[in-house]
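A closer look at the structure
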Amino acid sequence: MPELPEVETVRRSLLPVILDKPIASVDVYYERILQHITPRKFKEQITGRRILDLARRGKYLIFHLENHLDLVAHLRMTGRLIYYSDAAIAMAKHTSVIFGFASGGNLRFEDVRKFGTLDLVTSGEYEQIKGLHSLGVEPLSEAFTVEHLQNLIQDRSTKIKGLLLDQTKIAGMGNIYADESLFMARIHPERPANSLSSLEVQSLHLAIKDVLQDAIVGQGTTLRDYRTGYGREGSFQNKLQIYGKKGEKCPRCGVDLEYKKVAGRTSHFCPACQREQRS
DNA sequence: AAAACCGCCTGTCGGC
DNA sequence: TGCCGACAGGCGGTTT
């Protein structure tokens, strides 16, 4: 579900409404959301702490709290973090945690499939959060250059789609934006990474940046569960070129689109625009 | 190093 | 209508 653009949208939408607010109460309705900590300790440590900032790294959200604490959230497949200005609004069926504020509003972690996680660690000490600790480059940062992508691709014969989904290489890409980026760059998802020409690497680099940036502008893609921090749907589902377009025609060339499992994930592509063998 | 599984959960959809 | 399996945007762990 939420990939980099969705998580970034949640960050931007929540920040203004939670900044500087002390967490007045914590209610845990699904204990297994908490990693490496009991509900009792969790409540004890964060109650009364103000939220100093909200950051994002890959698909992780990091709430910087007073007392050198970082509250690290991952939404996985169906998680939502929504601010409710009216605390009296009935709790959704699959609500895992509610953080209450003295001002009256609250922040709720809702999660149908319950794969989402919360970690509480000392500021910057992410060793126990393996996925966060081992994240690769931020694709929208200046560090993600064509040369950086070229180096990731160099000497790897793995399928390019699998590499794009590997969070230790590039942080925040998921199935939707990997397919959209490969389509934009006209690269077949099963191409061995090291078979890409330098021109193709350049075009993939540009496509990744463009797709992610445009999706943030569109406030993310709502296919079913994803919502922004104020509970609204994103709009980028209306701009998808290929993801989920099974049975439709390629918007670029009109050929019937195809889909198949690549690197364990359903992958959409145009067999004409994204050829497996370069001719 | 990488690929192929499974598990974690619930909901939805298609086929019969 | 009901049942049943396949499948869903993610990731950690184990085995091959």
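Figured I'd write up the structure that's included with this text. Treat the numbers as computed from the prediction; the structure is a model and nothing was measured.

Quick notes on helix α4 (residues 146-153)
All of the buried residues in α4 are L149, L152 and I153. End-on, the buried residues of α4 take up no more than an arc of 95°, which puts them together on one face. For α4, the exposed residues lying more than 90 degrees away from the buried face are E147 and N151. As for α4, its buried residues are in contact with α5 (160-165) and α7 (198-217). Within two residues after α4, D155 carries a phi angle of roughly 65°, on the positive side.

As for the pairing of strand β2 (residues 51-57)
Two strands pair when backbone bridges link them, and β2 and strand β3 (residues 60-65) are joined in this way by six bridges, in the antiparallel orientation. Bridging from a neighbouring strand, R57 pairs with Y60 of β3. In this structure, the hairpin formed by β2 and β3 is closed by a connection of two residues, where G58 is found at a positive phi of approximately 60°.

Regarding the sheet that holds strand β7 (residues 106-111)
Overall, antiparallel pairing links the four strands, which are arranged β1-β6-β7-β5 in an open sheet. Unpaired on one side and paired on the other, β1 (23-28) and β5 (79-84) mark the two borders of the sheet. Pairwise comparison of adjacent strand axes, ignoring direction, gives a mean angle of 15° for this sheet. Relative to β7, strand β6 (residues 95-101) runs antiparallel, the two sharing five bridges. In the strand pairing of β7, F99 is matched with L107. Across the face of the sheet, helix α1 (residues 4-18) comes into contact with β5, β6 and β7 while running at roughly 30° to β5. Strand contacts of helix α2 (residues 39-46): β1 and β6, with the helix running at about 170° to β1, the strand carrying the most contacts.

Reading the values: rules and limits
Residues numbered from 1 in each chain as written. Chains lettered and ligands numbered in written order. Predicted model: local features only at pLDDT ≥ 70, side-chain atom pairs only at ≥ 80, totals over all residues. Heavy atoms only, no water. Buried < 20%, exposed > 50% of the residue type's maximum accessible area, 1.4 Å probe, protein only. Helix = DSSP H or I, 4+ residues; strand = E, 2+ residues; numbered from the N terminus. Arc of directions from axis to C-beta. Contact = heavy atoms within 4.5 Å. Pairing = 2+ DSSP bridges. Axes fitted to C-alpha atoms, helices over the stretch in contact; angles between N-to-C directions.

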